Structure formats: C-alpha cells, structure tokens
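# Summary of structural features
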Amino acid sequence: MSHKRIPKRKAAMAVGGVVALGAAAILLPNANASQDGASDGVAAAPRTLKAGDASDLATRLAGTLGDAYAGAWYDGEDKQLVVNVVRGEDTMALEVRSAGAKVRWVDNSMSELESGAGTLKSEATIPGTSWAVDPRTNRIVVTADSTVTGDEWEQLESTVDNLGSGMATLKKSAGTFRTFASGGDAIFAGGARCSLGFNVTAGDGSPAFLTAGHCAAAGDEWSDQQGGPPIATVDQALFPGAGDFALVTYDDPATEAPSEVNVGGQTVPVLQAAEATVGQQVFRMGSTTGLADGQVLGLNATVNYPEGTVTGLIQTDVCAEPGDSGGSLFTQDGLAIGLTSGGSGDCTLGGETFFQPVTTALEAVGATLDAGGAGAGDQAGDQAGGQEQGAGQEAGDGQAGAEDQAGAGDQAGAGDRAGGEDAGAGQDGAAGQDMQDGTGAGTGRHSGQDSGLSRTH
C-alpha cells in the first residue's frame, strides 16, 4: 500500500528498542482472527469473540439488561465476554447466556457503583487521584499518586471507607499523574510539540487530525518544523472537563491524510473507531517510547490532573512517557480506540495511562474516521509486521529547554510536575504517526473548560 504523507513531512521515526519489539511480536498473530463458527442462534456455551465484537455485544446487553447489568469485560485468554449480572436477576442471566456471553453474579449494581463515583467527585476531588469502575472486581478502583499525602490522603481514605465494605479499593501509585509532555521536535506550536493521533475528515470535508486537547494550549498554528511555516490550525479543543481532545485541520485542503498508524517504517491501516472493552489488548504508538501494549483496565475514568479534572477516559496499564501525548491507542485488527492523555510512571517501571476515547472525540467535533482503503484486519497485522521495529534513535537526540521551548509553567500550563523536563528529540514525524508534545497541559485558554468545546481561530 502506498503511504502518502502530508506536504514537507520527513521520514517516519524508527520505533525504539525492546518495548517496540515486544509489542510488535504480539501485534502480528491472528490479526484477523474470527469467531469460532458459533451460530447466530442461542449458544449453549459462551461464544469465542474478537475484542471488537465483544465490545458491541456488551453495549447491546447493557441496554437490554437495564438495572441488572453491572458491567462487562473481555476474557482475552478464553476470548469470551463476561457480563456481570446483579444477584437474583435470573431472567436477565438467561438473556446473557442466549446472546453468547458468560454470566458472573455480583452484589454491586452499576447504579450503586456510579453513585459511589459521584461521592468521590463531590468529596475527594484531589489533584493526583483517579477512579474508575473495575467490572472484574465489581468495585471502584481509586488510585492516589505520590503527591497525595497527609490530610489529603486521610480525606481520600475516609471517603473510600464511607462508601461501605466491598464498594471500592484504594491503592497508591509510585509516580505522579500528569499529562505526558516534553519539549523537542515533531509538530510545533508556540515552541512546543505534540503527538498526532489519527487522521480524520472534519465536518466540512477538510482533512484534519485528532490529538490531545491539552496540546492546544501551546498555540493555534502548528508546523512540522521548528520555526517553520504552519501546516495545520487548531479548530476545536477541550481540556480539562469532559475529555482531552483537539481537532486540528490541515491548512492545505489537498493534503492526503491516510487513515493508518505508523509503527516504525510500517503502517497499520485504521479501519474504524471503536469503543474500548475492559480486558481488551491494545497498542499505543508514541514518538518517545515507540510501540507499547497492554490491557484496558477501566472505562469512564476520572483523573484529577494538576490543571483540572478530566472525565470519561479509558484507564490502561500501557506505559507512556513525556512526548507520547496525543498518540494513538489502537487494536491489532485496526480499530482506533483512544488518544494518549496522561498518567503516571514510565516504560521502565510501568504505570497507569489514561486515554481519550476516539468515538467520543469524533462525535464532539463532528469529524469522521475514514478507512484507509487498503484493507481489512488481516492487513493490519501483516503491515505491522512481526519484523523487528528497529532500534530507532535514542530518544534523547537533543534536549529542548523546558522553560524556553516546552512551554513550561504559565505558558503551557504544565505546572511544576509536567514542565521543565528534558525531551527526546526523536526524528521528524510522518503523517498519521505520533508527534511529541511539549505543552505539558492545557491552561484552559483554548480549552473551553467545563462549558464545552471552543473555537480557537
């Protein structure tokens, strides 16, 4: 498949090191695995499903079961959908089984779990905390980073305890929650850089791309060279609030913007946007750390960054580092899942990472994600290749002065945590691949805050 790039775009960055090799080895096999041939009728046993099909089934069953539904997750080992059903709802359990999913009886209803999350929001919205419902434990998992200490920790711990036994689990993260930001070279705005997530078509038919909303704080006009002429302009952005996403339109309406993810000299065709499912295996591409993989841990997560609260995110155990903000989260069969927002940890020790759902972002900005025209899911695996992804360049080819170029502090809203970090320069990016991000986090000047989307030009 030909890979047309946006004007003046340079060669794609090589994927870095061991992380990329490990993820690529998993990305290849069974890229177009199908169901096990179970009929469309009533199944005597849970059906074998692809993750994307499991997500669709979970959405349908959630609507059918009503109050009896208490979440679902994908069992990657058995390739089955597991649906939580509140104890005593025998009729609803039959619905689940007849649809081909596995029933798991639980005590906490979804409304009870959502009520608990509401209590956390009102009583424990503390910077450095997050929470999301984990259907595998039928509890709310509350996480506090290393900055939550003293009275704040006691307040959080007390709030969790007051939710009642068996309702929530409190854990500590060794890192700090932040938007993944770094100074360096890739796509530039106001001396900062960000990662490109997915190419899309804007509502008026013009070519555009999605990235993290906190990147928009760096400026409206974006270039593919530091100090170079603009190639794209921020159209809409949101951060903080009900998401972390931005729509950036290419200035040249003739720009060819392929629907694919560059994983280091090879591309994975992006076929469509899809909802995430807990337990689903996903891959993240970023210009600092290359290709990494992991699992979805929670949906509709709330994260309290230093710059403000963001809701509706996907929680994962996929690693990320400064420079990966805005990068694409996708599946081995070419489904676009999310945009890198932030988290804690790194790709040496691991950590938690949160992503903006692509489906929500597309709906909010009125854009569409078009199939690249080269293929189906079998090509997604083949083009990602089980080949070595190259050692790449050391992601530290230069350092961008955090104060002068990364937009730390007031200019980029990075605050004390995200600003002032050295950045791996990497290579110049390619269309459809991820760029690096030096904004830290949005200040809300271009974000619309909680009131909704804002136009920035």
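All values reported here derive from a predicted model rather than from experimental measurement.

What counts, and at which threshold
Counting from 1, residues in each chain are numbered in the order their sequence is written. At least 70 in pLDDT is required for a residue's local features to be given in this predicted model, at least 80 for side-chain atom pairs to be given and counted, and no such filter applies to totals for whole chains, interfaces and linings, which use all residues. Side-chain metrics in this entry use all non-hydrogen atoms of the structure; hydrogen atoms and water are not considered. Each residue gets a pLDDT score, which is the predictor's confidence in that residue and runs from 0 to 100. Any two residues whose heavy atoms approach within 4.5 Å are treated as being in contact. Any carboxyl oxygen of Asp or Glu that lies within 4 Å of a side-chain nitrogen of Lys or Arg is treated as forming a salt bridge with it. Three exposure classes are used, based on accessible area relative to the maximum for each residue type with a 1.4 Å probe and protein chains only: buried under 20%, partly exposed in between, and exposed over 50%. Helix numbering and strand numbering both begin at the N terminus, where a helix is a DSSP run of H or I of at least 4 residues and a strand a DSSP run of E of at least 2. Here, any two strands with at least 2 DSSP bridges between them count as paired. Handedness of a crossover: with both strands directed away from the viewer, a clockwise path from the first strand across the helix to the second marks it as right-handed. Working definition: the arc comes from the directions between the helix axis and the C-beta atoms, pointing outward to the latter. In this description, the term disulfide denotes a pair of cysteine sulfurs within 2.5 Å.

Turning to the confidence of the model for the protein chain, a few remarks are in order. Scored by pLDDT, the protein chain comes out at a mean of 76, with 69% of its residues at no less than 70. Here residues 1–21 scores under 50 on pLDDT; set against residues more than four positions off or in separate chains, the count is 84 contacts. The low-confidence segment residues 181–185, where pLDDT is below 50, has 33 contacts with residues more than four positions distant or belonging to other chains.

On to the pattern of salt bridges. Across all of its chains, the model carries three salt bridges by this definition. Note that D134 and R136 form a salt bridge whose closest N and O atoms lie 3.5 Å from each other. For R136, a relative accessible area of 25% corresponds to the partly exposed category. Between R284 and D324 there is a salt bridge, with the nearest N and O atoms lying 3.6 Å from each other. Placement of R284 in strand β18 (residues 281–286) and of D324 in the loop between β20 (308–316) and β21 (328–330) is noted, with a sequence separation of 40 residues between them.

Now for the pairing of strand β3 (residues 102–106). Note that strand β2 (residues 80–86) and β3 share five bridges and pair parallel. Across the sheet, V86 pairs through a bridge with V106, a residue of β3. In terms of handedness, the path from β2 via helix α3 (residues 90–98) over to β3 forms a crossover that is right-handed.

Time to look at helix α6 (residues 358–365). Within the sequence span of α6, burial applies to V358, T359, A361, L362 and V365. Down the axis, α6 shows its buried residues gathered within 165° of arc, on one side only. A positive phi of about 75° marks G366, the residue just after α6.

This paragraph deals with the state of the cysteines. Tallied over the full model, the rule gives one disulfide. In this model, C319 is linked to C347 through a disulfide, with the two sulfur atoms separated by 2.0 Å. In this structure the cystine formed by C319 and C347 twists about its S-S bond by roughly 95°; its chirality is therefore right-handed. Highlighted residues: C319 in the loop between β20 and β21 and C347 in the loop between β22 (335–343) and β23 (353–357), separated in sequence by 28 residues. For C319, a relative accessible area of 12% corresponds to the buried category.

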